[in-house]
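Coordinates in review
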Amino acid sequence: MIPAIYSEWWANLAVDVGVILLAVLLDRFLPEPPARFHPVVWMGRMISALERFAPGRPTGALIYGAVSVFVVIGAWGALAWLAMLGLSELGLVAYLLGGAILLRTSFTVRGLITAGESTRQALEHEDLEDARAKLVSLVSRDRGELNAPLVAASAIESVAENTTDSYIAPWLAFAVLGVPFAVAYRATNTLDSMWGKRGCYEYLGKCAARLDDLVNLLPARLSALLMLLSGTLLGLPAHQGWRVMLRDQRITESPNAGWTMSAMAGLLGRRLEKKDHYDLGAEFPRPEAADIGRCNQLAAGTALLGVIVALGLLTIRHLVTA
């Protein structure tokens, strides 16, 4: 059950609309909350603490990882539900403001675009070392040997991929089941970002990686479609984006990342390559600094359309549950 403060469905719809719109405004005009107050940082600390007790053997690590996923996601979803329940008891203003602040911590549009922009500026100033350094907030790959086109490609790939988990998926989660579900989604994504890797996390993070793939199946495809629509509105070749997306989306290891990255490659008409992993839009020229700016415009347009979709789903949810 989702905490509500009114008995009328339309009144609760208006409140939820206010929560997401205020959260978007907070993201647009205010920086990220300090680390000591940020729930995602606390999620990371909880996951790191659990990791210290993980068994070394594959079977034990697999079971421990699965249980940890249940514990982390369940705990954070429950905490968010209790917080919203408490806010509902304090009245409309507390529920609206507190809900917006809590929802805001589950997504970021500004942070993603700002990270891309800082890389673009460094490349435009022909400071390759600084551009590589700026990539640290976008990618985890080895950046030491990347030339300027590969730095630009890395930034574009990351911005494109993260349109899904940075904001489209959390907004969809909120639209379907409220703030607690958005927070639970962020916990799922944080688990995957920390444990969903090869090497020493092969078994410990297997459940987290598979769950993240599952919950992002629909958001990733919707994000790609919204990106294509955004490209159409910006005068970019949507038919080319569609063609490249359908052709190249299977090239990436992730079942989800390829959709938005290949759509971006087609819309921009640029080759997005990660050596020894994938080569999207291979027939196009390699990207330059200015292409990161166009990528950011597409990401912002995708966000705007994503808010509209979330508002539509919110309306449907409240009508169905009225």
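Structure's up top.
The shown structure was predicted, so the numbers you read here are calculated from the model rather than taken from an experiment. (Residues numbered from 1 in each chain as written. Predicted model: local features only at pLDDT ≥ 70, side-chain atom pairs only at ≥ 80, totals over all residues. Heavy atoms only, no water.)

Points about the pattern of salt bridges
Basically, it comes down to this: Definition used for salt bridges: Asp or Glu carboxyl oxygen within 4 Å of a side-chain nitrogen of Lys or Arg. Segments assigned H or I by DSSP are reported as helices when at least four residues long, segments assigned E as strands when at least two residues long, and all are numbered from the N terminus. Working definition: with a 1.4 Å probe on protein chains only, accessible area under 20% of the residue-type maximum means buried, over 50% means exposed, and in between means partly exposed.
This structure, assessed with the given rule, holds 16 salt bridges. The salt bridge partner of R104 is E32, with a shortest N-O separation of 3.4 Å. A residue pair is termed long-range when its members are at least 10 positions apart, and R104 in helix α4 (residues 92-104) and E32 in the loop between α1 (9-29) and α2 (39-51) qualify at 72 residues. The exposure class of R104 is buried, given its relative accessible area of 5%. Taking the shortest distance from any N to any O, the salt bridge between E273 and R271 comes out at 3.8 Å. The network of salt bridges with shared partners includes R243, R247, D248 and E283.

Focus: the packing of helix α9 (residues 217-233) against helix α11 (residues 257-268)
When two helices pack together, their arrangement is given by the angle between their axes and by how far apart the axes lie. Put simply, the rule reads: For helices, the fitted axis covers only the stretch in contact; all axes are lines through C-alpha atoms, and the angles between them, taken along N-to-C directions, range from 0 to 180 degrees. Roughly parallel means an angle under 35 degrees; roughly antiparallel, over 145; roughly perpendicular, 65 to 115; everything else is oblique. By definition, any crossing whose near helix is turned counterclockwise from its far helix by less than a right angle is left-handed, and any crossing with a clockwise turn is right-handed. Contact criterion: two residues are considered in contact whenever any of their non-hydrogen atoms come within 4.5 Å of each other.
As a packed pair, α9 and α11 sit with axes 8 Å apart at the nearest point and diverge in direction by 15°. Between α9 and α11, the crossing angle belongs to the class labelled roughly parallel. The crossing of α9 and α11 is right-handed. Across the interface between the two elements, A220, R221, S223, A224, M227, L228 and G231 of α9 pack against W259, T260, A263, M264 and L267 of α11.

A word on the side chain of N216
Tracing the sequence through the fold places N216 in the loop between α8 (206-215) and α9. The exposure class of N216 is buried, given its relative accessible area of 4%. Beyond its immediate stretch of four places on either side in the chain, N216 contacts T164, A169, Y185, R221 and N256.

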